[in-house]
Amino acid sequence: MKAIALFSGGLDSTLAMKLIIDQGIEVLAVNISTGFGSTKDRREHMQSMCDQVGAEFKIIDIENEYLQDVLFSPKHGYGKNFNPCIDCHAKMFAVAKRIMEEEGASFLLSGEVMGQRPMSQNKDALQTVLNESNCDGLLLRPMSAKMLKPTIAEENGWVDRERLESITGRSRDRQLALAKEIGLEDFESPGGGCLLTDENFGKKMFDYIAHENDFEVKDIPVMKFGRHLRLSDGAKLVVGRDKDENQHLQNIDNDKYYHARTVGIPGPHALLSKNASDSDKELATKIILTYTKAKQEDSFAISYDDMEQKGIPFETRAEANSYNIL
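Residues numbered from 1 in each chain as written. Predicted model: local features only at pLDDT ≥ 70, side-chain atom pairs only at ≥ 80, totals over all residues. Heavy atoms only, no water.

Visitor: Explain the sheet that holds strand 3 (residues 56-61) here, please?
Guide: Adjacent strands of a sheet pair through backbone hydrogen bonds, lying either parallel or antiparallel. The five strands lie next to each other as 3-2-1-4-5, forming an open sheet whose pairing is parallel. Edge positions in the open sheet fall to strand 3 and strand 5 (139-140), since each of these has one partner strand only. Bridge count between strand 4 (residues 107-110) and strand 5: two bridges; the pairing is parallel. Note on strand 5: the bridge partner recorded for Leu-108 is Leu-139. Of the strands in this sheet, strand 1 (2-6), strand 2 (26-33), strand 4 and strand 5 touch helix 1 (residues 11-21), which is tilted by about 140° from strand 4. (Pairing = 2+ DSSP bridges. Helix = DSSP H or I, 4+ residues; strand = E, 2+ residues; numbered from the N terminus. Contact = heavy atoms within 4.5 Å. Axes fitted to C-alpha atoms, helices over the stretch in contact; angles between N-to-C directions.)

Here it is in structure tokens:
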């Protein structure tokens, strides 16, 4: 028998899989990527967690589907920031159900713990997600199973309910005890892995939809790095904060933006909207140069792809710094 696990890479989903694998059931761990996960590449970590508990691992990309169906028109609204958690979970379960049918698996499982997150993991929200995804009865939540109604897997005797858990709330004591019992190593501390729950990232998203006509998959990487500034005439400027962000910005291929580089002096890599007015381009030049070590007597330029824009870094520093960084 086979089950499909919605797998985040975190401790809860890893333990949930282990509880099912220990009952002789094959588990395929599916990490469903919306494009808004952590900026850190976690593939190696997730593979390690699966290897330790004996699960197969696969990443499924739903970025286009997620943008079209969920992100900008969530039926159940947003959380505190730009996070449509209930609609997001319902979409993931619906995708997992498709995979279950393709793989010939018998049921789904997740690492959700009732009461761990106030918006998306209270009892009503957990049931709403099942209703919206047509997964009621199919989805087993091993970490809180004894606190929830029995699922098909339990009712049919595929899974022994007595060997599942009754964890609720935010305490991690029981999870840590289970991890110690099975010898799980290098698991992650709890934390928000979705950028949409981050306040600053949410501000960038709200700003984008207020000023731009559309949002595409190719725009997601732009949102993940750098200082984001909205200039006087509406252009977007993104300025790298450090070497790592500069490298990420250099690697972005998006025809909506110029790549901006300092000429004659080390400085940050930046992106500027291609529809920028001459005024915004001049302002962008001044702003970028404020992040260099130019001296007052120096004169430098910024290259926007193949075009140079002159700038005076010091006389305009106060003006440049008056723009809010998103």
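Next comes the rest of the description.
Visitor: Got a minute to help me understand helix 1 in this structure?
Guide: The α-helix winds at 3.6 residues per turn, so residues separated by three or four positions along the chain end up facing the same way. Of all eleven residues in helix 1, ten are buried; the element is thus mostly enclosed. Every buried residue of helix 1 is accounted for by Leu-11, Asp-12, Ser-13, Thr-14, Leu-15, Ala-16, Met-17, Leu-19, Ile-20 and Ile-21. As for helix 1, its buried residues are in contact with strand 1, strand 2, helix 2 (43-53), strand 4, strand 5 and helix 7 (173-182). (Buried < 20%, exposed > 50% of the residue type's maximum accessible area, 1.4 Å probe, protein only.)

Visitor: I keep staring at the pattern of salt bridges and nothing clicks. Help me out?
Guide: Side chains carrying opposite charge are able to pair once their charged atoms draw close together. Counting across every chain of the model gives 22 salt bridges. Between Glu-165 and Arg-174 there is a salt bridge whose closest N-O contact spans 2.9 Å. When its relative accessible area of 34% is taken as the criterion, Arg-174 is described as partly exposed. Several salt bridges share partner residues, and in doing so they unite Glu-65, Asp-69, Lys-91 and Arg-98 into one network. (Salt bridge = Lys/Arg side-chain N within 4 Å of Asp/Glu carboxyl O.)

Visitor: Quick question: what am I supposed to make of the pairing of strand 2 here?
Guide: As a general feature of sheets, a regular strand has side chains that alternate between the two faces. Counting buried residues in strand 2 gives six out of eight residues, a clear majority hidden from the surface. Bridging between strand 1 and strand 2 involves five bridges; their strand directions are parallel. In the strand pairing of strand 2, Ala-3 is matched with Val-27. For the segment spanning strand 1, helix 1 and strand 2, crossover handedness is right-handed. (Right-handed = clockwise from strand over helix to strand, strands pointing away.)

Visitor: In this structure, what is going on with the pairing of strand 4? I would like to understand it.
Guide: The alternating pattern of strand 4 places Phe-107 and Leu-109 on one face and Leu-108 and Ser-110 on the opposite face, and all of these are buried. Across four bridges, strand 1 lies against strand 4 in parallel orientation. Directly across from Ala-3, in strand 4, lies its bridge partner Phe-107.

Visitor: Would you explain the nonpolar core in this entry?
Guide: Here is a general trend for soluble globular proteins: nonpolar side chains tend to be buried in one another's company. The biggest cluster of nonpolar side chains holds 44 residues, and the ones touching the most others in it are Ile-4, Phe-36, Tyr-66, Leu-71, Leu-196, Met-205 and Phe-215. Of all the secondary-structure elements, those providing two or more residues to this core are strand 1, strand 2, helix 3 (63-71), helix 4 (85-103), helix 5 (123-133), helix 8 (199-211) and helix 9 (220-224). At nine residues, the largest contribution of residues to this core is made by helix 4. Among residues more than four places away in sequence, those in contact with Phe-215 are Phe-36, Leu-67, Phe-72, Met-205, Tyr-208, Ile-220 and Met-223. Judged by nonpolar contacts, the second largest core, of 32 residues, contains Ala-16, Ile-25, Val-27 and Phe-57. (Core = buried A, V, L, I, M, F, W, Y, C linked by side-chain atoms within 4.5 Å.)

Visitor: When you look at unusual backbone geometry in this model, what are you seeing that I'm missing?
Guide: Generally, phi is negative for residues other than glycine and the peptide bonds are trans, each holding for most cases. One non-glycine residue, Asn-134, lies in the positive phi region at around 55°. Although it is not a glycine, Asp-186 sits at a positive phi angle of roughly 60°. Assignment of secondary structure puts Asp-186 in the loop between helix 7 and helix 8.

Visitor: I keep staring at a nonpolar patch on the surface and nothing clicks. Help me out?
Guide: On the surface, Phe-72, Phe-206 and Ile-209 cluster together into a nonpolar patch covering about 250 Å² of accessible area. In this fold, Ile-209 is placed in helix 8. (Patch = residues over 30% accessible without salt bridge, like charges linked within 9 Å, V, L, I, M, F, W, Y side chains within 5 Å. Areas by Shrake-Rupley, 256 points an atom, 1.4 Å probe, with all protein chains shown as cover.)

Visitor: What is the right way to read the packing of aromatic side chains from this model?
Guide: A ring pair, where both rings are aromatic, is described by two values, the distance of the centres and the angle of the planes. Following the criterion strictly, the structure yields eleven aromatic pairs and no others. Centre to centre, the rings of Phe-72 and Phe-215 are 5.7 Å apart; their planes meet at 65°, and the pair counts as edge-to-face. Separated by 143 residues along the polypeptide, Phe-72 in the loop between helix 3 and helix 4 and Phe-215 in the loop between helix 8 and helix 9 bring together distant segments of the chain. Positioned above the aromatic ring of Tyr-304, the side-chain terminus of Lys-281 is 5.7 Å from the ring centre. (Phe/Tyr/Trp six-rings, centres within 6.5 Å; stacked < 30°, edge-to-face > 60°. Lys NZ or Arg CZ within 6 Å of the ring centre and 35° of its normal.)

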